[in-house]
Amino acid sequence: MIVVTTPTGAIGRQVLPHLLAAEVPVRVIARDPARLPADIRERVDVVAGSHGDIDVVTEAFAGADAVFWLLPPDRQTASLDAAFLDFTRPACEAFKSQGVQRVVGVSGLGRGAASVGKAGLVTASLAMDDLIASTGVNYRALTMPSFMDNYLWQVELIKSQGIFVAPLSPDLKRPTCATRDIAAVAAELLLDDSWRGYDSVPVLGPEDLSNSDMARIMSEVLARPIRFQQVSGAAYKATMLESGMSAAMAQGMYDMLEAKENGLDNAEPRTPQATTPTTFRQWCEEVLAPALDC
């Protein structure tokens, strides 16, 4: 039995087809089971509720061999500790009480980097990894750079003004990965019962690109000029606050992006094992262009 959290999210929903194709029993934890596609809902056990609730995770993890663990976004959190550590504590109790053998989680890239101590969401995610590992469960933390799919948040800006923005230098080359590849790596680990202990698994995509590189590729794929516009960290934070994000989460985003500007994502050496297949050009052709109706 494999349990999947966030089964309707960007990554979790792409993990499910891999597991179902392998014909293993799957259980999901869903706040709103109605959001599950009908064909998926018919093939999985469903536990309704939040995976931050001890009763929910105790029920869901009963008899489970492995768990896919991903935190839900909490834009209104009062603190990063609350969003990452407090949310995860009930699951850690249930990993132990229900005898879960293996957990695969989604985390941040940069452990060991000089800037990781003040890297906002990444610092908090690494603390979450250590908390999970402290239970003694076998754990693999998928450590991520920025997702290609995050550009979907700027679809309207790209469509209406031909720009995308970030508080990062235009020429800073860094890894970026597609959520489809994260899901594939996660599923492979969930289906493999041979690994033991605690380790991180970087998922770096196929190449390091700058925002200028990405603007050029977008322009070529979309057949229209797309430009990257650098904004200040302060302006970016102000925009997040205006959108309704809590001060703690906005500061965590700001600190993470500052750390990325200072090389956080570049601290992990690229290896064949950490390199995943989906190129940014392919992602633009298959995901971004359809989202823009191009």
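It should be emphasised that the depicted structure is a prediction, and the values quoted were computed from it without experimental measurement. (Residues numbered from 1 in each chain as written. Predicted model: local features only at pLDDT ≥ 70, side-chain atom pairs only at ≥ 80, totals over all residues. Heavy atoms only, no water.)

S.K.: Can you help me understand the packing of helix H8 (residues 211-222) against helix H11 (residues 280-291) in this one?
M.R.: Between two packed helices, the angle of one axis relative to the other and the distance separating the axes together describe the packing. Close contact between H8 and H11 brings their axes to 10 Å; oriented N to C, the two are set at 50°. Between H8 and H11, the angle falls in the class oblique. Considering how the two elements wind past one another, H8 and H11 form a crossing that is right-handed. Contact residues: Met214, Arg216, Ile217, Met218, Glu220, Val221 and Leu222 in H8; Phe280, Arg281, Cys284, Glu285, Leu288 and Ala289 in H11. When grouped by side-chain class, the residues that make up the contact of H8 with H11 number nine nonpolar, no polar and four charged. (Axes fitted to C-alpha atoms, helices over the stretch in contact; angles between N-to-C directions. Helix = DSSP H or I, 4+ residues; strand = E, 2+ residues; numbered from the N terminus. Parallel < 35°, antiparallel > 145°, perpendicular 65-115°, else oblique. Left-handed = near helix turned anticlockwise from the far one by under 90°. Contact = heavy atoms within 4.5 Å. Nonpolar A, V, L, I, M, F, W, Y, C, P; charged D, E, K, R; others polar.)

S.K.: Would you explain the packing of helix H4 (residues 80-97) against helix H5 (residues 121-133) in this entry?
M.R.: It is the contact of H4 with H5, at a shortest axis distance of 9 Å, that shows an interaxial angle of 15°. One element, H4, and the other, H5, form an angle in the roughly parallel class. Seen from above, H4 lies across H5 with right-handed handedness. Every residue of H5 that contacts H4 at Leu80, Phe84, Leu85, Thr88, Arg89, Cys92 and Phe95 is listed here: Leu121, Ala124, Ser125, Ala127, Met128, Leu131 and Ile132. Of the residues contributing to the contact of H4 with H5, the split by class is eleven nonpolar, two polar and one charged.

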